[in-house]
Amino acid sequence: QDSDEEDWSSYSFRTLSVTLMLSFHRVLHALVSDSDVNQRVAALQALAGLGSQRGEGAVEVVQSCLKDAEWRVRSEAVQVLPKLAQKGNSFAIAVIVERLQDLDFDVRRAATAALLAAAGKGNASVISAVSALLEHRDPGVRRTAMRALPQVVEKGDPRGVAAVSKYLWHENDDVKLI
């Protein structure tokens, strides 16, 4: 009886593993070869559904989607990253911080939300990177950094207060963050 249950359990596990592997390869194929934006977005969503068991390889595949010409693909990719990487993964965090500088507002907004999921609050390198973006030449990126900062600092954190305070009453309206 126990032997039959172990055999069945082992068989089920192997079958599930093969099915997941085939699903993973189909998703990867769609990500890299499909010209339809909707298919690439759907493939990213499917990859997120497979979860973090896909590991670093999946994170690297998603990173390539962050350079896609279509903003919808970049936005979906940045939202998927925290679902695939371990919380605090420095590689995933770095590529999300890069997307805070994306030309598209929707991608920047998605990156702001993804940053909290990937890094959590209080990560010194994230606070430093987001604070540095307050000085970016693009006003849209500066506004995004201002929105992202409260997501990554604890309330009252002196690093966040110091980063924001010098821009509150700047003489140049294009720099001012009020």
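Heads up: these notes are all about the structure in this document.

What counts and how
- Counting starts from 1 at the beginning of each chain's written sequence and moves along it residue by residue.
- Local features in this predicted model are restricted to residues whose pLDDT is 70 or higher, and side-chain atom pairs enter the listing and the counts only when it is 80 or higher, whereas totals over whole chains, interfaces and linings include all residues.
- To get the side-chain values, take all heavy atoms of the structure and skip hydrogens and water.
- What counts as a helix is a DSSP run of H or I of at least four residues, what counts as a strand is a run of E of at least two, and both are numbered from the N terminus.
- Working definition: with a 1.4 Å probe on protein chains only, accessible area under 20% of the residue-type maximum means buried, over 50% means exposed, and in between means partly exposed.
- Lining residues are defined by having an atom within 4 Å of a point belonging to a cavity or pocket. Those points lie on a 1 Å grid over the protein atoms alone, cavities being sets where a 1.4 Å probe fits but cannot get out and pockets being open sets with protein on both sides within 12 Å along at least five of seven lines.
- Grid points are joined across faces, edges and corners, and a volume is the space filled by probe spheres set on the points.
- Salt-bridge detection follows one rule: a side-chain nitrogen of Lys or Arg within 4 Å of a carboxyl oxygen of Asp or Glu.
- The positive count covers Lys and Arg only, the negative count covers Asp and Glu only, and His and the chain ends enter neither.
- Throughout this description, a polar contact denotes any pair of N or O atoms lying within 3.5 Å of each other; where both atoms belong to protein, one of them has to be capable of donating a hydrogen while the other can accept it, and for residues adjacent in sequence the pair is counted only when both atoms sit in side chains.
- By the convention used here, residues are in contact when the closest approach between their heavy atoms is within 4.5 Å.
- Inter-axis angles, ranging from 0 to 180 degrees, are taken between N-to-C directions of lines fitted to C-alpha atoms, where helices are fitted over the stretch in contact.
- An angle counts as roughly parallel when it lies under 35 degrees, as roughly antiparallel when it exceeds 145, as roughly perpendicular when it falls between 65 and 115, and as oblique in every other case.
- Throughout, a crossing is termed right-handed when the near helix is turned clockwise from the far one, and left-handed when it is turned anticlockwise from it by less than a right angle.
- Residue type decides the class: Asp, Glu, Lys and Arg count as charged, Ala, Val, Leu, Ile, Met, Phe, Trp, Tyr, Cys and Pro as nonpolar, and the leftover types, Gly among them, as polar.
- To define a nonpolar core, start from buried Ala, Val, Leu, Ile, Met, Phe, Trp, Tyr and Cys residues and group those joined through side-chain atoms within 4.5 Å.

1. Focus on the overall build of the protein
The secondary structure content of the protein amounts to nine helices and zero strands. Each helix (α) and strand (β) of the protein, taken in turn from the N terminus, gives the series α-α-α-α-α-α-α-α-α. Looking at the 178 residues of the protein, the share that counts as buried comes to 43%.

2. Some thoughts on empty space enclosed by the protein
One pass over the structure, following the stated rule, counts one cavity of 30 Å³ or more. Reported here for the largest cavity is a volume of approximately 40 Å³. Lining the largest cavity, in full, are Q63, L66, K67, V95, E98 and R99. Per element, the largest residue contribution to the lining of the largest cavity is three residues, and it comes from helix 5 (residues 90-99).

3. Here's the deal with the pattern of salt bridges
For the structure on display, the rule yields four salt bridges. Residue R109 pairs with D106 through a salt bridge whose shortest N-O separation is 2.6 Å. Residue R109 and its partner D106 are both found in helix 6 (residues 105-119); the two are separated by three residues, about one turn of the helix. For D106, a relative accessible area of 24% gives the class partly exposed. With its nearest N and O atoms 2.7 Å apart, the salt bridge here joins D157 to R159. Its relative accessible area of 37% is what places R159 among the partly exposed residues. Residues joined in a network through salt bridges with shared partners are R74, R99 and D102.

4. As for the side chain of D104
Mapped onto the secondary structure, D104 falls in the loop between helix 5 and helix 6. Buried and unpaired, D104 has no salt bridge, with R74 as the nearest side chain of opposite charge at 5.2 Å. Among the polar contacts made by the side chain of D104, one reaches the main-chain amide nitrogen of V107 at a distance of 3.2 Å. Not counting the four nearest positions on each side in its chain, D104 is found in contact with W71 and R74.

5. Things to note about the packing of helix 7 (residues 124-132) against helix 8 (residues 139-152)
For the pair helix 7 and helix 8, the least separation of the axes is 9 Å and the interaxial angle reads 165°. As the angle between them shows, helix 7 and helix 8 are arranged roughly antiparallel. Between helix 7 and helix 8 lies a crossing whose hand is left-handed. Contacts from V126, I127, V130 and S131 of helix 7 reach helix 8 at A145, A148, L149 and V152. A per-class count over the contact of helix 7 with helix 8 returns seven nonpolar, one polar and no charged.

6. Section: the nonpolar core
Among the nonpolar cores identified, the biggest contains 44 residues, and L115 and V130 are the most heavily contacted of them. Sorting the residues of this core by element identifies helix 2 (37-50), helix 3 (55-65), helix 4 (71-84), helix 5, helix 6, helix 7, helix 8 and helix 9 (158-168) as the ones contributing at least two each. Other than its neighbours up to four places away in sequence, L115 contacts I93, I96, V97, L100, G120, V126, V130 and V152.

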